[in-house]
Amino acid sequence: MENKAALSAGERLIKSKRNRSLGDLRGKILVTLCALIMIIATISVTVFLTVKGLQSFLVNDVSPIEFLTSINWNPLADEPSFGAFPFIFGSLAVTFLSALIAAPLGIGGAIFMTEIAPSWGRKFLQPVIELLVGIPSVVYGFIGLTVLVPFIREHVSGTGFSLLAGTIVLSVMILPTITTIATDAMGSLPSSLREGSLALGATRWQTIRKVLLPAALPSLLTAVVLGMARAFGEALAVQMVIGNVRGLPSSILDPSATLTTIITLNMGHTTYGSIENNTLWSMGLILLTISFVFILIVRYLSSRRKI
């Protein structure tokens, strides 16, 4: 009986070990499959967009230099012109200007939540940030269209549809991204940095400005770059307030257009495979290329993190 019981116990151990091995194998296969799907999807989108984006240059003989530098966009003229520079400029302008507004606000909010009022700061601001994240883009655009545009028209200058309106709307949209990442970066700093600085006689503000901010700088820059990447790819909200004109703006109060707004406005009115359709795909390729640049910048900043 003892040998039989011992044998049964051994069999149970072997069976349990075999089940664990099978479970580990199934988990490894599932995780590997998910990773392969992500890699294949990314490569497929990149290859497809690259092939479609290059057709306007290779098939339709559009000059890449003219496409990137010309300010004339008139695909329906007798002698069509395809100058995308005003749209590239508009995309970069609203992206950088919105980052100039949102970055100080987001980093300041992160400092407040982690250093000034750590006990109740997150309880107060975290729901506000989550609320901003959950608002759809069309709602931001509609509020900008009905409130911001008339305000600019009546109290500032111009028609209201302008780079300024797009910048303000985008700055509010990317503020939660910058604030959340900056808060995590400031909160992850070791307490020994604060304690050491205070022990040497530094004030709270000196500690924040000369110790904590330099230590978290790579992560804070990463937050800003991710916010800019979010702003660069936004279409609907910006489309509703920026004006969507073909010309190059001369001031921040002039209407403009971005790559995303022109693509969304015109793609449905073009014939697949036509020269205008192919140039819109080329704009999409520019968007993808600049997005990759943002990703490379984020990777570089992440590699510089010391803490």
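Cut-offs applied
- Residues numbered from 1 in each chain as written.
- Predicted model: local features only at pLDDT ≥ 70, side-chain atom pairs only at ≥ 80, totals over all residues.
- Heavy atoms only, no water.
- Patch = residues over 30% accessible without salt bridge, like charges linked within 9 Å, V, L, I, M, F, W, Y side chains within 5 Å.
- Areas by Shrake-Rupley, 256 points an atom, 1.4 Å probe, with all protein chains shown as cover.
- Salt bridge = Lys/Arg side-chain N within 4 Å of Asp/Glu carboxyl O.
- Helix = DSSP H or I, 4+ residues; strand = E, 2+ residues; numbered from the N terminus.
- Buried < 20%, exposed > 50% of the residue type's maximum accessible area, 1.4 Å probe, protein only.
- Expected span 1.5 Å × (residues − 1).
- Bend = angle between axes of the 7 residues up to and from the residue.
- Contact = heavy atoms within 4.5 Å.
- Polar contact = N/O pair within 3.5 Å; in protein donor to acceptor, adjacent residues only side chain to side chain.
- Phe/Tyr/Trp six-rings, centres within 6.5 Å; stacked < 30°, edge-to-face > 60°.
- Core = buried A, V, L, I, M, F, W, Y, C linked by side-chain atoms within 4.5 Å.
- Axes fitted to C-alpha atoms, helices over the stretch in contact; angles between N-to-C directions.
- Parallel < 35°, antiparallel > 145°, perpendicular 65-115°, else oblique.
- Left-handed = near helix turned anticlockwise from the far one by under 90°.
- Nonpolar A, V, L, I, M, F, W, Y, C, P; charged D, E, K, R; others polar.
- pLDDT = per-residue confidence, 0-100.

1. What to know about a nonpolar patch on the surface
Judged by side-chain polarity, Leu36, Ile39, Ile40, Ile43, Val47 and Val51 come together as a nonpolar surface patch covering roughly 540 Å² of accessible area. With respect to the secondary-structure elements, Ile43 resides in helix H1 (residues 2–58). The class of Ile43 is partly exposed, set by a relative accessible area of 48%.

2. Considerations on helix H8 (residues 204–232)
Its 29 residues give H8 an end-to-end C-alpha distance of only 36 Å, which falls more than 12% under 42 Å, the value for a rise of 1.5 Å per residue. At Leu217, H8 shows its maximal kink, close to 65 degrees; a proline, Pro218, follows between one and four residues later.

3. With respect to the environment of Ile152
Mapped onto the elements of the fold, Ile152 is located in helix H5 (residues 137–155). On the basis of relative accessible area, Ile152 is assigned to the buried category, the value being 2%. Residues Ile152 and Leu164 lie twelve residues apart in sequence; the distance between their C-alpha atoms is 8.6 Å. If we skip the residues at most four places from it in the chain, Ile152 touches Ser157, Gly160, Ser162, Leu164, Ala165 and Leu253.

4. Considerations on unusual backbone geometry
In this structure, Asp61 is a non-glycine residue whose phi angle is positive, near 60 degrees. Residues other than glycine seldom take positive phi values, yet Asn244 does so here, at roughly 60 degrees. Mapping Asn244 onto the fold places it in the loop between helix H9 (236–239) and helix H10 (259–266). Given the relative accessible area of 23%, Asn244 is considered partly exposed.

5. Quick look at the side chain of Thr258
Inspection of the secondary structure assignment puts Thr258 in the loop between H9 and H10. Of the residues examined, Thr258 reaches a relative accessible area of 2% and is grouped as buried. A polar contact is formed between the side chain of Thr258 and the side chain of Thr260, at a distance of 3.0 Å.

6. Some details on the packing of aromatic side chains
Scanning all chains against the criterion turns up six aromatic pairs. With centroids separated by 5.9 Å and ring planes inclined at 65 degrees, the aromatic side chains of Phe232 and Phe294 adopt a geometry described as edge-to-face. Of this pair, Phe232 sits in helix H8 while Phe294 sits in helix H11 (residues 275–303), and the two are 62 residues apart along the sequence. Under the relative-accessibility criterion, Phe232 is labelled buried at 2%.

7. Re the nonpolar core
In this structure, Phe67, Trp73, Phe87, Met186, Leu220, Leu259 and Met283 are the most contacted members of the largest nonpolar core, which totals 37 residues. Within the residue set of this core, elements represented by two or more residues are helix H3 (85–116), helix H6 (163–187), H8, H10 and H11. Apart from residues lying up to four places away in sequence, Trp73 is in contact with Phe67, Ser81, Phe82, Gly83, Phe87, Arg246, Asn266, Thr279, Leu280 and Met283. Counting residues in hydrophobic clusters, the runner-up holds 22 residues, among them Tyr140, Ile178, Ala237 and Met240.

8. Quick look at the packing of H3 against H8
Where H3 meets H8, the closest approach of the two axes is 9 Å, and the angle between their N-to-C directions is 140 degrees. Considering their axes alone, H3 and H8 lie oblique with respect to each other. Both H3 and H8 take part in a crossing whose hand is right-handed. Contacts between H3 and H8 involve Ser91, Leu92, Thr95, Phe96, Ser98, Ala99, Ala103, Ile107, Ile111, Glu115 and Ile116 from the first element and Arg204, Trp205, Ile208, Leu212, Leu213, Leu220, Val224, Met228, Ala231 and Phe232 from the second. Partitioning the contact of H3 with H8 into residue classes produces 16 nonpolar, three polar and two charged.

9. A few points about the confidence of the model for the protein
Per-residue confidence for the protein gives a mean pLDDT of 85; residues scoring 70 or more make up 92%. Segment residues 1–6 is flagged for pLDDT under 50; beyond a separation of four residues in sequence, or across chains, it makes zero contacts in the model.

10. Some points on the environment of Leu285
Tracing the backbone shows Leu285 in helix H11. Taking the C-alpha atoms as reference points, Leu285 and Leu49, 236 residues apart in sequence, are found 6.0 Å from one another. Not counting residues up to four positions away in its chain, the partners in contact with Leu285 are Leu49, Thr50, Gly53 and Leu54.

11. Some remarks on the pattern of salt bridges
By the definition in use, this model includes two salt bridges. The shortest N-O distance in the salt bridge between Arg194 and Glu115 comes to 2.7 Å. One end of the pair, Arg194, is in helix H7 (residues 191–199); the other, Glu115, is in helix H3, with 79 residues separating them in the sequence. Grouping residues by exposure puts Arg194 and Glu115 together as buried. Among the salt bridges present, the one from Glu234 reaches Arg230, with a minimum N-O distance of 2.8 Å. Relative accessible area serves as the criterion here: at 8%, Glu234 is assigned to the buried category. For Arg230, a relative accessible area of 35% corresponds to the partly exposed category.

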